[in-house]
Amino acid sequence: MINADSTCGRCGKKSMLTDNVTGERFCGKCGFVISETLQDSGPEWRSFSKEGGADPTRTGAPTSLAMHDRGLATIISPMNKDSSGKPLTSTMKSTIERLRTWDSRSKVNASSDKNLRQALSELSTLKDKLSLSDAVIEKASYIYRKALEKGLVKGRSISALIAASLYAACRDTETPRTLKDVSDAGNIKKKDISRCYRILHQELELKMPVVDPVQCVARIASSIGITEKTKRFAVKVLKDAQEHEESAGKDPMGLAAAALYLSCVKNGEDKTQRDIAEAANVTEVTIRNRYKGLRLDQNMDMLGGK
């Protein structure tokens, strides 16, 4: 491999070469060797596959904020054997046992570490119950770690704060999960989560995007089996309402439920207000109130089109 930007110190020619096999750097004109070893710039993994060749598998799992130690901790194997598989001597065995004891003590020593371990364990449970992606969990872990650094955890419930962090992560990543969904999944009072969420929002200066009601349509529609045609018309109704600023300041889930009910009425689909209200976790009164506004907006739109 030619290094055109390097000049030979002996003959002054720009003809430096690098041998990637031996690791030597030398001049192609006079043969002057600059260095005999070169750091390998290739991949650090080894291929153990049956087929051979370049295996893209890395040497370990990536780091993650969702683990209390970020996945960087070392573990002393419980097997009392050396690298070749031979049993350890009695002296070495007692030494390894002592190392294991100190290793386990050092991992969970500070109260903040114990707090983080418990919080992230509860977050893992919430992830499974709410069917959330890894990106949301990473964001929730990041928010909770920031709260822990600022001392917001002191005197507050770990469960409520990690649930509030998760709700904030859902808002930030525009994942359609309501406060009630998180409350039911964690068996925590809605009031406690909202209080912690307000503290996080204020102290960490979180900038949350406005929830788009269009994203809530698919979730409601799939849970009660609404057809694709009805769903698309509901999305159109919501987009018209956003253009006319009819949706400003209103609950996105209630708007999505009302738009679906309006679409069901128009397309003759047999779905009651109660069915949609239960799927959306809103009241029938909310659907009726939002339905009036959306229907009026559609009528005005039709008159404007004529």
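These figures come from a predicted structure and were not determined experimentally.

What to know about the nonpolar core
Point 1. Of all hydrophobic cores here, the largest spans 38 residues; its most connected members are Leu123, Leu132, Tyr144, Leu161, Leu166, Ile193 and Leu200.
Point 2. Secondary-structure elements contributing two or more residues to this core are helix H2 (111–130), helix H3 (134–149), helix H4 (158–172), helix H5 (179–186) and helix H6 (190–203).
Point 3. The residues contacting tyrosine 144, other than those within four sequence positions of it, are Asn115, Leu116, Ala119, Val153, Ile158, Leu161, Ile162 and Ser165.
Point 4. Membership of the second largest hydrophobic core comes to 30 residues, among which are Ile220, Ala234, Met253 and Leu260.

A short note on helix H8 (residues 228–243)
Point 1. Here H8 contains 16 residues, and its C-alpha end-to-end distance of 23 Å stays within 8% of the 22 Å for a straight helix at 1.5 Å per residue.
Point 2. Along H8, the residues that are buried comprise Thr230, Phe233, Ala234, Val235, Val237, Leu238, Asp240 and Ala241.
Point 3. Directly beyond the C-terminal end of H8, a positive phi value near 60° is found at glutamate 245.

Description of the layout of surface pockets
Point 1. The computed volume of the largest pocket comes to approximately 560 Å³.
Point 2. Residue lining of the largest pocket: 28 residues in total, with Tyr167, Val211, Asp251, Pro252 and Met253 positioned closest to the centre.
Point 3. Elements with a minimum of two residues in the lining of the largest pocket: H4, H5, helix H7 (213–224) and helix H9 (252–267).
Point 4. Across the lining of the largest pocket, the residue classes tally to 13 nonpolar, 7 polar and 8 charged.

So, how was this worked out
- Residues numbered from 1 in each chain as written.
- Predicted model: local features only at pLDDT ≥ 70, side-chain atom pairs only at ≥ 80, totals over all residues.
- Heavy atoms only, no water.
- Core = buried A, V, L, I, M, F, W, Y, C linked by side-chain atoms within 4.5 Å.
- Buried < 20%, exposed > 50% of the residue type's maximum accessible area, 1.4 Å probe, protein only.
- Helix = DSSP H or I, 4+ residues; strand = E, 2+ residues; numbered from the N terminus.
- Contact = heavy atoms within 4.5 Å.
- Expected span 1.5 Å × (residues − 1).
- 1 Å grid on protein atoms, 1.4 Å probe; cavity = no way out; pocket = protein on both sides within 12 Å on 5 of 7 lines; lining within 4 Å.
- Points joined across faces, edges and corners; volume = space filled by probe spheres on them.
- Nonpolar A, V, L, I, M, F, W, Y, C, P; charged D, E, K, R; others polar.

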